[in-house]
Amino acid sequence: LPLLLEATLLQLASGSHHPFYNGFYYNNIMNDKGNGQDKVVSFNEARLVVETPKDPVYSSNGANVTLPCHYRYEPDRESKRKIRIKWSKLRDDYTKEQDVLVAIGKTYMAFGNFRGRAHIIQAGRHEASLVISDVHLQDDGKYRCEVIEGLEDENDVVDLRLQGIVFPYQPPHGQYRLNFHEAERVCQEQGAILATFNQLFQAWSEGLDWCNAGWLADGTVQYPIRLPRKPCGGLHLAPGIRSYGPRHRHLHRFDAFCFSSALRGEIFYLDHPAGMTLEEAKQSCQDKGAEIARVGHLYSAWKFLGLDRCNAGWLADGSVRYPITKPRANCGPAEPGVRSFGFPSKGRFGVFCYKER
């Protein structure tokens, strides 16, 4: 092995036509004498450095946000080449990164659902910050800021986190009926998206305790436990996030953990002395220029607007729920939360309506 290693190093030293990287950045390595020997014509000792915040950047659904990114040279110098800036979004499941934007000078191009919503800040020297307008739920995650000058290429990562709420969701037909793709769809139908692990962990740290396993955005199945108990992994396991790991996205079936952020509109409650059927409730909201609220709307209003209503109301999925921020007698358990009556096939209730601003 030592002889083989020595022979390999000798071969690389004699056969390579590229200089060994030693911390310098070479501008020209071609020798104009044509004798096959490398010669450094010029070089500089400036090192390209890219910096983003180490702490997460927080935003909410519908807001505008700036992801700071700056670059510099050590020692300081001016670039003699056009700088190329590339932003990409890292995926939770570690598949190929999603292109967000590429810029050269004042010319830039945004991609996918970032088209028309993303641009580079042009103010200031060595600025590469990204502005995202009308933030979507799907924008939550890690972003890579990459600065390219010739052969030099450096990058750093910034974490965008949406302020939101995670809620467990079961469809009307019962527990553990959703494969991964169906879980994605039902969350979207409720004004939400599948939660990430970081979002579930944050919810757990804020008190979420749920014994049913649900899909997350990366294709894993997990559930948060604050109070260990026998049916939920055992009495002797510490509190935490229980994980089933990655599951088959078509064959395996669980519930879903959905994530919703701040509302772009308002929620209000309508009632009728005799109550309403689900169809009557939908029509009542439409008569007020609104739509029947979704589950994600109700959770967001409870979380961010302090909605407190001890009257049960229909929601778009056919469930009946009500939000309590100040627990009191005849309004359910002693803890704040969104109470559920399930999916009654009969009955007459009020309705929660949602109106976009």
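Residues numbered from 1 in each chain as written. Predicted model: local features only at pLDDT ≥ 70, side-chain atom pairs only at ≥ 80, totals over all residues. Heavy atoms only, no water.

1. Details of the overall build of the protein
Working step 1: The secondary structure content of the protein amounts to five helices and 25 strands.
Working step 2: Evaluated residue by residue, the protein yields a buried proportion of 41% over its 357 residues.
Working step 3: On the protein, roughly 19,800 Å² of surface is accessible, and the fraction owed to carbon and sulfur atoms is 53%. (Helix = DSSP H or I, 4+ residues; strand = E, 2+ residues; numbered from the N terminus. Buried < 20%, exposed > 50% of the residue type's maximum accessible area, 1.4 Å probe, protein only. Areas by Shrake-Rupley, 256 points an atom, 1.4 Å probe, with all protein chains shown as cover.)

2. Quick word on the confidence of the model for the protein
Keep in mind that low pLDDT regions are not for reading the predicted coordinates in detail.
Working step 1: Scored by pLDDT, the protein comes out at a mean of 87, with 86% of its residues at no less than 70.
Working step 2: Of the regions scoring below 50 in pLDDT, residues 1-43 engages in 36 contacts with residues more than four places distant in sequence or in other chains. (pLDDT = per-residue confidence, 0-100. Contact = heavy atoms within 4.5 Å.)

3. Some remarks on the packing of aromatic side chains
Working step 1: Summed over the entire model, instances satisfying the criterion amount to 14 aromatic pairs.
Working step 2: Centre to centre, the rings of Tyr71 and Tyr73 are 6.5 Å apart; their planes meet at 90°, and the pair counts as edge-to-face.
Working step 3: An angle of 35° between the planes, with centres 6.2 Å apart, marks the rings of Phe197 and Phe201 as tilted. Of this pair, Phe197 and Phe201 are both found in helix H3 (residues 197-205), four residues apart, which corresponds to roughly one turn of the helix.
Working step 4: Ring pairs connect the aromatic residues Tyr176, Phe180, Trp215, Tyr223, Tyr244 and Phe254, which therefore count as one cluster.
Working step 5: The ring of Trp204 has Arg226 lying over it, and the distance from NZ or CZ to the ring centre is 5.5 Å. (Phe/Tyr/Trp six-rings, centres within 6.5 Å; stacked < 30°, edge-to-face > 60°. Lys NZ or Arg CZ within 6 Å of the ring centre and 35° of its normal.)

4. Concerning the pattern of salt bridges
Working step 1: A complete count under the given rule lists 19 salt bridges for this structure.
Working step 2: Between Arg72 and Glu74 there is a salt bridge, with the nearest N and O atoms lying 2.5 Å from each other.
Working step 3: With a relative accessible area of 30%, Glu74 lands in the partly exposed category.
Working step 4: Here Glu279 and Lys282 are joined by a salt bridge, their closest N and O atoms 3.8 Å apart. Here Lys282 and Glu279 lie together in helix H4 (residues 278-287), a separation of three residues that amounts to about one turn.
Working step 5: Using a relative accessible area of 26% as the deciding quantity, one classes Lys282 as partly exposed.
Working step 6: Here the residues in one salt-bridge network are Arg47, Glu51, Arg72 and Glu74, joined through shared partners. (Salt bridge = Lys/Arg side-chain N within 4 Å of Asp/Glu carboxyl O.)

5. A few points about the sheet that holds strand S4 (residues 57-59)
Working step 1: Taken in spatial order, the six strands line up as S4-S13-S12-S7-S8-S9 in an open sheet, and their pairing is mixed. On the outer flanks of this sheet lie S4 and strand S9 (107-110), each paired with one strand and no other. Neighbour-to-neighbour, the strand axes of this sheet turn through a mean angle of 20°, independent of strand direction.
Working step 2: With six bridges connecting them, strand S7 (residues 84-89) and strand S8 (residues 98-104) associate as antiparallel partners. Within S8, the residue paired with Trp87 across the bridge is Leu101. (Pairing = 2+ DSSP bridges. Axes fitted to C-alpha atoms, helices over the stretch in contact; angles between N-to-C directions.)

6. Section: unusual backbone geometry
Trans is the prevailing form of peptide bonds, just as negative phi is the prevailing case for residues other than glycine.
Working step 1: Following Glu74, the chain continues to Pro75 via a peptide bond in cis, the omega torsion being -5°.
Working step 2: On the secondary structure map, Pro75 appears in the loop between strand S6 (70-74) and S7.
Working step 3: Even without being glycine, Tyr176 reaches a positive phi, approximately 55°.
Working step 4: For Tyr176, the location among the structural elements is in the loop between strand S14 (164-169) and helix H2 (180-189).
Working step 5: Accessibility expressed as a relative area gives 27% for Tyr176, which makes it partly exposed.

7. Here we look at the pairing of S7
Working step 1: Where S7 lies against strand S12 (residues 141-149), six bridges are found, and the strand directions are antiparallel. Each bridged residue has a counterpart across the sheet, and for Arg84 the counterpart in S12 is Ile148.

8. Details of the state of the cysteines
Working step 1: In total, this model carries five disulfides according to the counting rule given.
Working step 2: Note that Cys69 is cross-linked by a disulfide to Cys145, the S-S spacing being 2.0 Å. Across the disulfide from Cys69 to Cys145, rotation about the S-S bond amounts to roughly -80°, and the bridge is consequently left-handed. With Cys69 in the loop between strand S5 (65-67) and S6 and Cys145 in strand S12, this residue pair connects regions lying 76 residues apart in the sequence.
Working step 3: In this structure Cys69 comes out as buried when scored by relative accessible area, which is 0%.
Working step 4: On the basis of relative accessible area, Cys145 is assigned to the buried category, the value being 0%.
Working step 5: The side chain of Cys285 participates in a disulfide bridge whose partner is Cys353; the two sulfur atoms lie 2.0 Å from each other. The sign of the S-S torsion, about -80°, decides the handedness of the disulfide formed by Cys285 and Cys353: left-handed. On the criterion of sequence distance, the pair formed by Cys285 in helix H4 and Cys353 in strand S25 (residues 350-356) is long-range, its members being 68 residues apart. Across the pair, exposure class does not vary: Cys285 and Cys353 are buried alike. (Disulfide = S-S within 2.5 Å.)

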